[in-house]
Amino acid sequence: MGAAISKAIIRRELEKLIDDLKHKNLPDVTKQSQEELNLLKYSTLDIAITGVTGAGKSSFVNALQGIQDGEEGAAETGVIETTMEKQGYPHPTFPNVTIWDLPGIGTTKFKAKEYLKKLNLEGCDCFIILSSERFTENDVLLTREIHKMGKKFYYVRTKVDVSIDSERRKPKFSEEKTLEKIRKYCCDNLTQAGESNPRVFLISRWELNKYDFPLLQMTLESELDDLKSHALILTMPAFSKEVLKKKKAAMEVLIRKAALVSCGIGAIPVPGLSLVCDIGILVATMGHFCKAFGLDEGSLRRLANQTDVPIEVLRSAVKKSPMASQVTKEFVLDLLTKSFVSGILMAAEFVLDFVPVLGSLAGGGLSFVTTFYILQNFLHDVEEDAENVRAKATEFQRK
């Protein structure tokens, strides 16, 4: 495990801890940190996918889940309307995030004015309205009802890759101009249907890293509240360095809260070592990191299916981190032993400097520093391995 954390960072975090304890007692700080940690880990997010029949709703649901069409647990797809009632699909790694596949708007059974009420969609956090060609008055009527609910909605034009391929055969083809033409056509449709300031995202279900899908993710993240945004980041496909940075920032928030909880639990001796920390907190948080970055067997298998890269090739890119299922008490104890001389002793020296301030809480301070140090370095390795997996998949596809 690399030394990704400096002495200055440890000192800064201890100073923050002391500042926290000036305003609240340790049990209150610990209780608040645990509550915030639980909210970040378990807050729900419900995204509804709707649109005209044939727009590719079910395929889009599967793409968001990282699942191939036809795979076990996938939303049913077909050339006719296959969704006749709302169907929720929990994310395979983070089941507190649910994608709802809704019936096509404007079918005989579902009229726009009664659509939301009949399907009982008040619990959804946001809505994505799909079309593979043009948006209609029904779409605009639906978004007006969504707006009345105080929820966000997003227009998405699907199957852009198909449109690009058909235009590619024409003389003087320009992908940029073709995309702009598609966008203008969709916006004009929406304006004619009564939408005052339409915004349309162009995507391909088969190439999520292209066109406007990254922009759609960024927009969702910025417009959801903090807890919902955190849940979204956990499920984002790690197909770019930007997404990996977002995941790292989200996990860094968890590290300090986990360290504060460890501090409050007290000085729990680690067998065979002259240090203290809470092993259970380390095991749970490290496993969470691995899953957030796609370093678990399920995520690697789904990535292999999506990219046609053998799973053995993807596994070979993971050099420093365990799979999520391998993060056990024994693994953490071994990691602590290896890190003891190289880093934790150095970190513990700072706690001694703060003993006059911490007083009887010095044992908790040592637990705080140990937890913070181990998790910060582990996160560094996980991010590096996730980037290696991404690069390996990209390299293999180019061959």
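Cut-off values and rules
- Residues numbered from 1 in each chain as written.
- Predicted model: local features only at pLDDT ≥ 70, side-chain atom pairs only at ≥ 80, totals over all residues.
- Heavy atoms only, no water.
- Helix = DSSP H or I, 4+ residues; strand = E, 2+ residues; numbered from the N terminus.
- Buried < 20%, exposed > 50% of the residue type's maximum accessible area, 1.4 Å probe, protein only.
- Contact = heavy atoms within 4.5 Å.
- Areas by Shrake-Rupley, 256 points an atom, 1.4 Å probe, with all protein chains shown as cover.
- Pairing = 2+ DSSP bridges.
- Axes fitted to C-alpha atoms, helices over the stretch in contact; angles between N-to-C directions.
- Phe/Tyr/Trp six-rings, centres within 6.5 Å; stacked < 30°, edge-to-face > 60°.
- Lys NZ or Arg CZ within 6 Å of the ring centre and 35° of its normal.
- Core = buried A, V, L, I, M, F, W, Y, C linked by side-chain atoms within 4.5 Å.
- Arc of directions from axis to C-beta.
- Salt bridge = Lys/Arg side-chain N within 4 Å of Asp/Glu carboxyl O.
- Right-handed = clockwise from strand over helix to strand, strands pointing away.
- Parallel < 35°, antiparallel > 145°, perpendicular 65-115°, else oblique.
- Left-handed = near helix turned anticlockwise from the far one by under 90°.

**Describing the overall build of the protein chain**
Okay, so step 1: Check the secondary structure of the protein chain and you find 16 helices and six strands.
Okay, so step 2: Among the 399 residues that make up the protein chain, the fraction classed as buried is 53%.
Okay, so step 3: For the protein chain, long-range pairs separated by at least 24 residues make up 71% of all intrachain contacts whose partners lie at least 6 apart in sequence.
Okay, so step 4: Surface exposure of the protein chain reaches about 18800 Å², of which carbon and sulfur atoms provide 53%.

**Structural notes on the pairing of strand β3 (residues 97-101)**
A regular strand carries its side chains on alternate faces of the sheet.
Okay, so step 1: The element β3 is largely enclosed, with a buried count of four among its five residues.
Okay, so step 2: By the bridge criterion, five bridges tie strand β1 (residues 45-51) to β3 in an arrangement that is parallel. Following the sheet pairing, Leu45 is matched in β3 by Val97.
Okay, so step 3: Relative to β3, strand β2 (residues 87-90) is paired through four bridges, and the arrangement is antiparallel. From the neighbouring strand, Gly88 faces β3, where its bridge partner is Trp100.
Okay, so step 4: Once β2 ends, the chain turns through six residues before running back antiparallel as β3.

**Description of the sheet that holds β3**
Okay, so step 1: Across the sheet, six strands lie side by side as β2-β3-β1-β4-β5-β6; this open sheet has mixed pairing. Pairing within the sheet leaves two strands with one partner each, and these edge strands are β2 and β6 (200-202). Going across the sheet, the axis of each strand differs from the next one's by a mean of 25°, ignoring polarity.
Okay, so step 2: For strand β5 (residues 152-157) and β6, the ladder comprises three bridges, and the chain directions are parallel. The residue bridging Arg157 from the neighbouring strand is Leu202, located in β6.
Okay, so step 3: On top of the sheet, helix α9 (residues 226-235) reaches β1 and β3; it is set at about 75° to β1, its chief contact.

**Brief notes about the packing of aromatic side chains**
Okay, so step 1: Evaluated as defined, the whole model comprises five aromatic pairs.
Okay, so step 2: Geometrically, the ring pair formed by Phe135 and Tyr155 is edge-to-face, given 5.1 Å between the ring centres and 70° between the ring planes. With Phe135 in the loop between β4 (126-131) and α5 (137-148) and Tyr155 in strand β5, the pair connects residues that are 20 residues apart, well separated along the chain. An identical accessibility class is assigned to Phe135 and Tyr155; each is buried.
Okay, so step 3: Ring pairing ties together the aromatic residues Phe135, Phe153 and Tyr155, which thus form one cluster.
Okay, so step 4: The ring of Trp100 is capped by Lys86, whose NZ or CZ atom sits 5.0 Å from the centre of that ring.
Okay, so step 5: A cation over an aromatic ring shows up here: Arg205 above the ring of Trp206, its NZ or CZ 4.2 Å from the ring centre.

**A short note on the nonpolar core**
Okay, so step 1: Within the largest apolar cluster, 81 residues are counted, with the highest numbers of intra-cluster contacts made by Ile49, Phe60, Ile128, Leu216, Met251, Met286 and Phe293.
Okay, so step 2: Element by element, the count of residues in this core is highest for helix α16 (residues 362-398), at twelve residues.
Okay, so step 3: By size, the runner-up hydrophobic cluster in this structure holds 26 residues, among which are Leu121, Val140, Cys186 and Val200.

**Focus: helix α6 (residues 160-168)**
Along an α-helix, a turn takes 3.6 residues, which lines up residues three or four apart on a common side.
Okay, so step 1: By the burial criterion, the buried members of α6 are Val160, Asp161, Ser163, Ile164 and Glu167. Across the axial projection of α6, the buried residues extend over an arc of 160°, all falling on one side.
Okay, so step 2: Contacts from the buried residues of α6 go to β5, α7 (175-192) and β6.

**Points about the pattern of salt bridges**
Okay, so step 1: Scanning all chains against the criterion turns up 14 salt bridges.
Okay, so step 2: A salt bridge links Arg168 to Asp165, with the nearest nitrogen and oxygen atoms 3.6 Å apart. Note that Arg168 and Asp165 are positioned in helix α6 at a spacing of three residues, about one turn of the helix.
Okay, so step 3: Taking the shortest distance from any N to any O, the salt bridge between Glu221 and Lys246 comes out at 3.0 Å. Pair noted here: Glu221 is in helix α8 (residues 213-223) and Lys246 is in helix α10 (residues 241-265), with a separation of 25 residues, a long-range link.
Okay, so step 4: Lys246 gets classed as partly exposed once you look at its relative accessible area, which sits at 28%.

**Looking at the pairing of β4**
Okay, so step 1: A large share of β4 lies buried, amounting to six of its six residues.
Okay, so step 2: Because side chains alternate across β4, one face comprises the buried residues Cys126, Ile128 and Leu130, and the other comprises Phe127, Ile129 and Ser131, equally buried.
Okay, so step 3: One ladder, built from five bridges, connects β1 with β4; its direction is parallel. Each bridged residue has a counterpart across the sheet, and for Ile49 the counterpart in β4 is Ile128.
Okay, so step 4: Viewed along the sheet, the connection from β4 through α5 into β5 turns out right-handed.

**Digging into the environment of Val160**
Okay, so step 1: Counting through the fold element by element, Val160 comes out in helix α6.
Okay, so step 2: It is 7.8 Å that separates the C-alpha atoms of Val160 and Ser132, two residues lying 28 residues apart in sequence.

**Some points on the packing of α6 against α7**
Okay, so step 1: Where α6 contacts α7, the two axes come as close as 10 Å, and the packing angle between them is 125°. The pairing of α6 with α7 is recorded here as oblique in orientation. Relative to α7, α6 is oriented so that their crossing is right-handed. Contacts from Val160, Ser163, Ile164, Glu167 and Arg168 of α6 reach α7 at Glu175, Thr178, Leu179, Lys181 and Ile182.

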